[in-house]
Amino acid sequence: MVSHALVLMLMLLPPLLLLLLLDATVVMLCSGCRDTGPLLLLTPDLFNPTTGLIFITVAAMDNLSEALEKLKLGAGNRAPDSASMKIQEMGVLPTLPSLLSSQSSCAPKVANIIAEVAKNEFMRSPCVDAGLIPPLVQLLTSPDQELLLQTGRALGNICYDSHSLQAQLINMGVIPTLVKLLGVHAHNTALTEMCLIAFGNLAELGKKKKKKEKNVIKLQLVEAGMVECLLGVVGQTLEGEREEDVAQLKTASDLMVLLLLGDESMQKLFEGGKGSVFQRVLSWIPSNNHQLQLAGALAIANFARNVVNKAKMLAVGVANVVLRFLQSEMPPVQFKLLGTLRMLIDTQAEAADQLGTNVKLVERLVEWCEAKDHAGVMGESNRLLSALIRHSKSKAVVNAVIQGGGVKHLVTMATSEHMIMQNEALLLSDERSAPEIKYNSMILICAVMGSEPLHKEVQGLAFIDVVARLRAHDNKTVSHQASLTEQRLTSQ
């Protein structure tokens, strides 16, 4: 019965990978395979823990499952570096593509082995060189859920952190394939998670690419029907209490926001303000789920990036929806909703006037301007106060801000170290500000000096001396504007 003395390298993988060196020929055997081939009987006491090798003899056996049962060894979570190197040195990888067939009973095990080996960074290029990607991609059309899961893991590990390989997958048509998988197997938690992770990697692909190239990828994902699948995941997991439900809800809603960062994909989903996707994410804001509230605020803010969209969003009452839920007790949600309002009123005078004369809103903003425990909320409240006056150009808004006690916060904002806040300040910023910021600040001051109450407030803030010193500024535009502003500030 005994025919040869062999060297067997035993990988502690799920499942076990047995590499048999027989007459200089490498043979791979997997548990669960029905394929015929040489079978093994181990002598466990010959295992060498230092080298990871086991010396064995070969005997004829009816099936491999019986042989593996005799091993009685547990499965590890990762192929040891030394074992992976042996696989590479022995030329095993090039033999694997022929086993990656949906008709092969070994395919799920082989894909699992590849997934574990590819966790080692130094094995990813050899996997690519061995031609494993094309047959793995073909397996994504299999109806076998276990095979799909292991195939997805293998591709994900091989292409991990490689923009070029992920781009290769896109060119091979994996986007519509993955979208179809997510739709068909939405109730399979493991497969859903795998698809969501893959979508996230593809949506973020090309951080080093030009904006146009990144937008193309996001548009491909949208056109493949990914958004509908994501909304389906959100609907299925919204009421779930399991950790995996919470995780999938977050991933799916975050991916929705990520897709809206692309200009073309965002406009396709907006559909003139009548799109079902736009309406769905708007409904997330009043949700009782804080993750959906946050994602909804981010999504609406992304839609508001387009000037044409703003007017349409205001027309369908987006500002009112946001206002109703500004009382959220979640600072991250408050921060995003405030930013959304600020974006909505940009260049929209009528909307800025309506919001700026909303006494309750102004009072709430003034309150948040002192929320030192939440710097983001405090900063956005200051910015929104400033934006309300600047875009409305309304004396009524100025009066509302003064009566609400907002002037002192605008003064603080004017001397803020943050450039974006300085640029929007209504009062003069400090001497470290760039010339264009000084100029803009003075222009804004002059624009609202028609309000007598604000005029008196500014006169008591010692800003006139600062403006007077700017008459000698090196920048002629700044010095000229300083002279004009001083005249406005000192006039009765």
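For every chain, the first residue of the written sequence is number 1, and numbering continues from 1 along that sequence. Restriction of local features to residues with pLDDT of at least 70 applies here, the model being predicted, together with a cutoff of 80 or more for giving and counting side-chain atom pairs; totals for whole chains, interfaces and linings are based on all residues. To obtain the side-chain values, all non-hydrogen atoms of the structure were used and water was disregarded.

Turning next to the overall build of the chain. Runs of E in the DSSP output that reach at least two residues are strands. Runs of H or I that reach at least four are helices, and both are numbered from the N terminus. Check the secondary structure of the chain and you find 28 helices and 6 strands. Residue exposure (1.4 Å probe, protein chains only): buried if accessible area is under 20% of the type maximum, exposed if over 50%, otherwise partly exposed. The buried share of the chain, taken over its 492 residues, is 51%. Contacts spanning at least 24 positions in sequence make up 65% of the contacts within the chain whose residues lie at least 6 apart. Whether two residues touch is decided by their heavy atoms; if any such pair falls within 4.5 Å, the residues are in contact.

Here, a salt bridge means any Lys or Arg side-chain nitrogen found within 4 Å of an Asp or Glu carboxyl oxygen. Scanning the entire structure with this criterion turns up 11 salt bridges. In this structure, Arg242 engages Glu244 in a salt bridge whose closest nitrogen and oxygen atoms are separated by 3.4 Å. Across the pair Lys250 and Asp254 runs a salt bridge, and its minimum N-O distance is 2.7 Å. Remark: Asp254 and Lys250 occur in helix 12 (residues 243–259); sequence separation between them is 4 residues, near one turn of the helix. Taking relative accessible area as the criterion, Asp254 reaches 31% and is therefore assigned partly exposed.

Turning our eyes to something else, we now look at the confidence of the model for the chain. pLDDT is defined as a per-residue confidence score from the predictor, taking values between 0 and 100. Summing up the model confidence of the chain, the mean pLDDT is 75 and the portion of residues at 70 or higher is 71%. Per-element mean pLDDT across the chain ranges from 33 in strand 1 (residues 5–11) up to 95 in helix 5 (residues 133–138). Per-residue pLDDT stays below 50 along residues 1–78; that stretch engages in 163 contacts with residues further than four places along the chain or on separate chains.

Here we take up helix 12. Every α-helical turn comprises 3.6 residues, leaving residues that sit three or four positions apart pointing alike. For helix 12, built from 17 residues, the straight-helix expectation of 24 Å at 1.5 Å per residue is met to within 8% by its first-to-last C-alpha distance of 24 Å. Among the residues making up helix 12, those that are buried are Asp245, Gln248, Leu249, Ala252, Ser253, Leu255, Met256, Val257, Leu258 and Leu259. Here the expected span of a helix is defined as 1.5 Å times the quantity of residues minus one.

Turning our eyes to something else, we now look at unusual backbone geometry. Positioned with a positive phi, Asp161 is a non-glycine residue whose angle comes to about 60°. With respect to the helices, strands and loops of the structure, Asp161 is situated in the loop between helix 6 (145–158) and helix 7 (163–171). For Asp161, a relative accessible area of 64% corresponds to the exposed category. Backbone geometry at Thr347 places phi at a positive 70°, although glycine is not the residue there. Tracing the backbone through its elements, the reader meets Thr347 in the loop between helix 18 (331–345) and helix 19 (349–356). For Thr347, a relative accessible area of 53% translates into the label exposed.

A few words now on the packing of helix 12 against helix 15 (residues 290–303). Their axes nearest at 9 Å, the elements helix 12 and helix 15 cross at an angle of 10°. It follows that helix 12 is roughly parallel to helix 15 by the angle criterion. Mapping the contact onto sequence places Leu249, Lys250, Ser253, Asp254 and Val257 in helix 12 and Gln291, Leu292, Ala295, Leu298, Ala299 and Asn302 in helix 15. For the contact of helix 12 with helix 15, the residue count by class is 6 nonpolar, 3 polar and 2 charged. Axis lines are fitted through C-alpha atoms, for helices just across the contact stretch, and the angle between N-to-C directions can take any value from 0 to 180 degrees. In these notes the angle categories are as follows: under 35 degrees is roughly parallel, over 145 is roughly antiparallel, 65 to 115 is roughly perpendicular, and the rest is oblique. Each residue gets one of three labels, nonpolar for Ala, Val, Leu, Ile, Met, Phe, Trp, Tyr, Cys and Pro, charged for Asp, Glu, Lys and Arg, and polar for the others, Gly among them.

By the element assignment, Arg124 lies in helix 4 (residues 124–129). Charged residues are defined here as Lys and Arg on the positive side and Asp and Glu on the negative side; His and the ends of the chain fall outside this count. Summary of buried charges: Arg124 has no salt-bridge partner, and the nearest side chain of opposite charge, Glu121, is 4.9 Å away. In this structure the side chain of Arg124 is engaged in a polar contact, spanning 3.1 Å, whose partner is the backbone oxygen of Asn157. When neighbours within four sequence positions are excluded, Arg124 is seen to be in contact with Ala118, Lys119, Asn157, Ile158 and Tyr160. Under the rule applied, a polar contact is a pair of N or O atoms within 3.5 Å (in protein, one hydrogen donor and one hydrogen acceptor; residues adjacent in sequence only if both atoms are side-chain atoms).

Before going further, it helps to spend a moment on the environment of Lys395. Mapped onto the secondary structure, Lys395 falls in helix 22 (residues 395–403). Assessed through its relative accessible area of 56%, Lys395 is described here as exposed. Residues Lys395 and Thr357, spaced 38 residues apart in sequence, show a C-alpha to C-alpha distance of 9.8 Å.

A separate point is the packing of helix 15 against helix 18. As a packed pair, helix 15 and helix 18 sit with axes 9 Å apart at the nearest point and diverge in direction by 20°. As the angle between them shows, helix 15 and helix 18 are arranged roughly parallel. Crossing angle aside, the handedness with which helix 15 passes helix 18 is left-handed. Where helix 15 abuts helix 18, its residues His290, Gln293, Leu294, Ala297, Leu298, Ile300 and Ala301 lie against Pro332, Val333, Lys336, Leu337, Thr340 and Met343. Should the near helix be turned anticlockwise from the far one by less than a right angle, the crossing is left-handed, and should it be turned clockwise, the crossing is right-handed.

Within the largest apolar cluster, 116 residues are counted, with the highest numbers of intra-cluster contacts made by Ile114, Leu136 and Phe303. The biggest single contributor to this core is helix 9 (residues 189–203), with 8 residues. Nonpolar core, defined: a set of buried Ala, Val, Leu, Ile, Met, Phe, Trp, Tyr and Cys residues in which side-chain atoms within 4.5 Å join the residues together. The next biggest cluster of nonpolar side chains, apart from the first, holds 6 residues, and it includes Val467, Val478, Ala482 and Leu489.

Let us look at the packing of aromatic side chains. Only Phe, Tyr and Trp rings take part, Trp by its six-membered ring, and two of them pair if their centres are within 6.5 Å. Stacked means planes under 30 degrees apart, edge-to-face means over 60, and tilted covers everything else. Using the criterion set out here, one finds 3 aromatic pairs in the structure. Arranged with centres 5.0 Å apart and planes meeting at 75°, the rings of Phe270 and Phe278 form a pair that is edge-to-face. Accessibility assignment for this pair places Phe270 and Phe278 in one class, buried. The interplanar angle of 40° and the centroid separation of 5.5 Å between the aromatic rings of Phe270 and Phe303 together place this pair among those described as tilted. Of this pair, Phe270 sits in helix 13 (residues 263–270) while Phe303 sits in helix 15; the two residues are 33 residues apart in sequence, bridging distant segments of the chain. Note on Phe303: relative accessible area 0%, which makes it buried.

With that out of the way, let us pick up the state of the cysteines. The disulfide criterion used throughout: a pair of cysteine sulfur atoms within 2.5 Å. Scanning all chains against the criterion turns up 0 disulfides. Counting only cysteine sulfurs, Cys229 is the nearest neighbor of Cys195, a cysteine outside any disulfide, at a range of 8.6 Å.

We now examine helix 21 (residues 375–392). Helix length check: helix 21 (18 residues) gives 26 Å between terminal C-alpha atoms against 26 Å at 1.5 Å per residue, within 8%. Across the 18 residues that make up helix 21, a large majority, 14, are buried. Positive phi shows up at Lys393, right after helix 21, with a value of about 50°.

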